[in-house]
Amino acid sequence: MNAHVRRFQQCKLTQPLSPEQWKLIQKYMSRITAISLHSTSFYNLVLAIIAAHRPPSFEPLPPLFPKLKAVKGARPSACLPLFYCLSGPCLTQLEIPWLAGDLGCQALIDFVSDMGTIYPNMKTFSFNTYLDIHPPDAMIQGLSKTIRSWKYLVHVHLNTLDLDTAAYEHLMRLDSLTSLTLRLRLVYHCLARLREAVLPRKPFPMLTDLTFVDCDRHTPSVIEWLNCLHISPSSLTCTLQYSSRDPQQITDLYRAIAAQLCHKSLETIILEDNYHVISIQVDSIRPLFSFPRLRCVKITHFCTLSLSDGDLVDLATSWPLLEVLYLNYYVETQAPMPTLRGFFHLLQHCPRLQELVIVVDTRDSEWIDVTCPVVRNHGMHNLGLGNSYLDDPKRVASILCAIFPSLEEVDATWWYTYPLGHPGNKIQWELWQEVNRHLGELRKCRDSECGQAQVVLHPPA
C-alpha cells in the first residue's frame, strides 16, 4: 500500500483516540510500504494522531510503519521528528530533496550523521541539493559517515559530490552498487578525492548504470573521471543542462566516451539536453559507432544533426542490435536530412527497432510499393518524426501503415515544446495530425478485413 497525501494542511483531533481506534490506525499503518511526502500534511496528520493517543513524552515510539520500505519527496528539515519514527530496518529507499537553508541546520546535520544507524539496510539513496554552494564541513562529514556505514547500497544519486576520500573508497569497493548518478557542478571536489583515494584493482565492480549531470560544462572532468577508473558500465547517461550551443563540447564528450568506455559492454547511451538547439555534424557522433552492442541510443533532442542517407546506413550497420533510437526531434529547414531510402536501410539493418525518433524527408516516395514494401517492422510501437518534410499526408500514412502494421499513430508529443511548438510550425503540425487521422482509418479498414477473413476461414458450426 502506498500513501500519497497532499491535503490536510492542518490536522487536529477534537478528542483522544479510544484503544479500538488506535488499534485500527496501527493496523492500517502496518500495511503501508511506501510514502510520497509532497508537503508537510502527512507529517501533521501523524503527529496529530500521536498527540491524541498520549501526552508528548520522551519515551521512544515503536515504528509507526513497520513495513515501510520507501520514502520520497519530503524535506527532512520540514518534518524531522517524523523521520526518526517513520521506520527502521525495513526502509531501503530514501529519496529526499535538500535546500540551501537545510544544509546549515544542526538538527539536520545530526540526522544525516545518524541515518546509517536509523536505516541500516539502505539500498537506494538519493541526495538532491539543487545547489551550487559548498556544503558545510559538518554536513560532508555526516553524509560521508553514513555512506561508509551502508553495506548494501544498490542505487546512489549524489547531487553534491563532496564526500570524504574514505566514502569514495567505500563506494568503489561495494559489490552491490549497480547504479550511480554524479552531478558535476562540484566535480573538482570529487576528482580531488579520487586522486587521494587508494583505488581497488577494479573500482565499482558491479556498476552497470552511470549518469553524469551537467557534463557539458565539465567535459574535461568527465574525461579525467573515466580515465582514472577504467569502468565498464552497460548504460551511460549524460545530461547537458547548460549547453552553450558549442558543438565542439558535444564532439569532445562523444570522443571521451569512445576512448574510455569498454566497446563490448556498453548497451545504452543517453545524451540528454535542456531543450537547446545545437547544430552538429554526423562526424560528431561517429566515435559512438565503435560500440557494436548498443541497444538503446538517445542523442540530444533538439540538435540539428546533418545526416545523409549514407551516414544513416553507416549508423545502422554499426548498431545492428538497436531497439531504441532517438536521433532528433527537430532539424532546421536548411540542414540536410535523410530521405525515405535511408529510412528503409535503417529498418533493414536494425530489424529489432521498437522506438524510433528521427527527422526525414518524406517527399520522394513514388518508388515505394505500399502493397509490397521492401521491409516490414511488426515491433514498432513508438515513432516520432518531428518536423520531417511532408507534402502528402495520405501517401505518407499509407507507407507507414504498410511498413509498421502495429503502429497506431505518429508520436506528436514534442510538438508542444520549443522549437517545434513555434507558431510558424502550425501548418506542419496540422499535416502530421492529418497523417494520424489517415493512419486510424487505415487501421480500421485492415482490422475489418481481418475480421471478415477469420469468419470465412472459421465458419460457424
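Student: Explain the overall build of the chain residue by residue, including any values.
Tutor: Summing up its helical and strand segments, the chain has 15 helices and 16 strands in all. Looking at the chain as a whole, 52% of its 461 residues qualify as buried. The long-range fraction of contacts in the chain, counting pairs at least 24 apart against all pairs at least 6 apart in sequence, stands at 79%.

Student: Quick rundown of the pattern of salt bridges? Include the residues and the values.
Tutor: Applying the stated criterion to the full structure yields seven salt bridges. Ionic pairing is found between Arg148 and Asp164, a salt bridge with its closest N-O pair at 2.7 Å. Here the residue Arg148 occupies a position in helix H6 (residues 137-149), and Asp164 occupies one in the loop between strand E6 (155-158) and helix H7 (165-173), the gap between them amounting to 16 residues. In this structure Arg148 comes out as partly exposed when scored by relative accessible area, which is 29%. If you follow the salt bridges from partner to partner, you end up with Asp283, Arg286, Asp311 and Asp314 in one network.

Student: Give me the packing of aromatic side chains: which residues, what numbers.
Tutor: Tallying each qualifying case throughout the model produces eight aromatic pairs. An angle of 75° between the planes, with centres 6.4 Å apart, marks the rings of Phe111 and Tyr119 as edge-to-face. A relative accessible area of 0% places Phe111 in the buried class. For Tyr119, a relative accessible area of 1% corresponds to the buried category. By the ring-pair criterion, three or more aromatic residues cluster together here, those being Phe125, Phe127 and Trp150. One residue, Lys298, lies across the ring of Tyr326, its end atom 4.7 Å from the ring centre. Here the basic side chain of Arg341 rests over the ring of Trp367, its NZ or CZ set 4.3 Å away from the ring centre.

Student: Summarise the pairing of strand E13 (residues 303-306); cite the residues concerned and give the values.
Tutor: In E13, alternate side chains face the same way, and those of Cys303 and Leu305 on one face and Thr304 and Ser306 on the other are all buried. Here strand E11 (residues 278-281) pairs with E13 via four bridges, running parallel. Within the sheet, the bridge partner assigned to Ile280 lies in E13 and is Leu305.

Student: How would you explain the pairing of strand E5 (residues 124-128) if you had to name every residue and give the values?
Tutor: Among the five residues in E5, five count as buried, and that is most of the element. Side chains Thr124, Ser126 and Asn128 project from E5 onto one buried face, and the interleaved Phe125 and Phe127 project onto a second face that is buried too. Two strands pair when backbone bridges link them, and strand E4 (residues 93-97) and E5 are joined in this way by five bridges, in the parallel orientation. Across the sheet, Leu94 pairs through a bridge with Phe125, a residue of E5.

Student: Describe the confidence of the model for the chain, listing the residues and the values that go with them.
Tutor: As a general rule, the predicted coordinates of low-pLDDT regions are not to be interpreted in detail. In the predicted model, the chain carries a mean pLDDT of 79, and 75% of its residues have values of at least 70. Here residues 1-13 is a poorly scored stretch, pLDDT under 50, and it has 34 contacts once near neighbours within four places are set aside; other chains count. Contacts of residues 452-461 to residues separated by more than four positions or lying in other chains number zero contacts, the stretch itself having pLDDT below 50.

Student: Go over the packing of helix H5 (residues 106-118) against H6, please, and point to the residues and values.
Tutor: H6 packs onto H5 with a crossing angle of 15° between their chain directions and a minimal axis gap of 6 Å. In terms of orientation, H5 and H6 fall into the roughly parallel class. Relative to H6, H5 is oriented so that their crossing is left-handed. Contacts between H5 and H6 involve Leu108, Ile109, Val112, Ser113, Asp114, Met115 and Gly116 from the first element and Ala138, Met139, Gly142, Leu143, Lys145, Thr146 and Ser149 from the second.

Student: Could you give an account of a negative patch on the surface, with specific residues and numbers?
Tutor: On the surface, Asp364, Glu366, Asp391 and Asp392 cluster together into a patch of negative charge. Tracing the chain through its elements places Asp391 in the loop between strand E16 (382-384) and helix H14 (393-403).

Student: With reference to specific residues and values, describe the side chain of Glu355.
Tutor: Mapped onto the elements of the fold, Glu355 is located in strand E15 (residues 355-357). Despite being buried, Glu355 has no salt bridge partner; Lys298 is the closest side chain of opposite charge, sitting 5.2 Å away. Side-chain polar atoms of Glu355 contact the side chain of Tyr326, separated by 2.6 Å. Ignoring sequence-local partners within four residues, the contact set of Glu355 consists of Glu323, Val324, Leu325, Tyr326, Met380, His381 and Asn382.

Student: Can you tell me about the side chain of Ser126, naming the residues and giving the values?
Tutor: Relative to the helices and strands, Ser126 resides in strand E5. Once residues within four sequence positions are removed from consideration, Ser126 is found in contact with Leu94, Glu95, Ile96, Trp98 and His157.

Student: So what about unusual backbone geometry? Which residues, and what values?
Tutor: One non-glycine residue, Phe204, adopts positive backbone phi at about 50°. Following the sequence through the fold, Phe204 ends up in the loop between helix H8 (187-196) and strand E8 (209-213).

Student: An account of H7 is needed here, citing residue identities and associated values.
Tutor: One turn of an α-helix holds 3.6 residues; hence residues three or four places apart share an orientation. Counting buried positions along H7 gives seven out of nine residues, so the element sits mostly inside the fold. Taken as a whole, H7 has its buried residues at Thr165, Ala167, Tyr168, Glu169, His170, Leu171 and Met172.

Student: Kindly report on the environment of Cys228, identifying the contributing residues and their values.
Tutor: With respect to the element layout, Cys228 can be found in helix H9 (residues 219-229). For Cys228, a relative accessible area of 30% corresponds to the partly exposed category. Separated by 25 residues in sequence, Cys228 and Pro203 have C-alpha atoms that sit 9.6 Å apart.

Student: With reference to specific residues and values, describe the packing of H6 against H7.
Tutor: For the pair H6 and H7, interaxial distance at closest approach is 9 Å and the crossing angle is 25°. As the angle between them shows, H6 and H7 are arranged roughly parallel. You can see that H6 and H7 cross each other, and the crossing is left-handed. The residues of H7 that touch H6, namely those facing Ser144, Ile147 and Arg148, are Ala166, Ala167, His170 and Leu171.

About the cut-offs
Residues numbered from 1 in each chain as written. Predicted model: local features only at pLDDT ≥ 70, side-chain atom pairs only at ≥ 80, totals over all residues. Heavy atoms only, no water. Helix = DSSP H or I, 4+ residues; strand = E, 2+ residues; numbered from the N terminus. Buried < 20%, exposed > 50% of the residue type's maximum accessible area, 1.4 Å probe, protein only. Contact = heavy atoms within 4.5 Å. Salt bridge = Lys/Arg side-chain N within 4 Å of Asp/Glu carboxyl O. Phe/Tyr/Trp six-rings, centres within 6.5 Å; stacked < 30°, edge-to-face > 60°. Lys NZ or Arg CZ within 6 Å of the ring centre and 35° of its normal. Pairing = 2+ DSSP bridges. pLDDT = per-residue confidence, 0-100. Axes fitted to C-alpha atoms, helices over the stretch in contact; angles between N-to-C directions. Parallel < 35°, antiparallel > 145°, perpendicular 65-115°, else oblique. Left-handed = near helix turned anticlockwise from the far one by under 90°. Patch = residues over 30% accessible without salt bridge, like charges linked within 9 Å, V, L, I, M, F, W, Y side chains within 5 Å. Areas by Shrake-Rupley, 256 points an atom, 1.4 Å probe, with all protein chains shown as cover. Lys, Arg positive; Asp, Glu negative; His and termini not counted. Charge placed at Lys NZ, Arg CZ, Asp CG, Glu CD. Polar contact = N/O pair within 3.5 Å; in protein donor to acceptor, adjacent residues only side chain to side chain.

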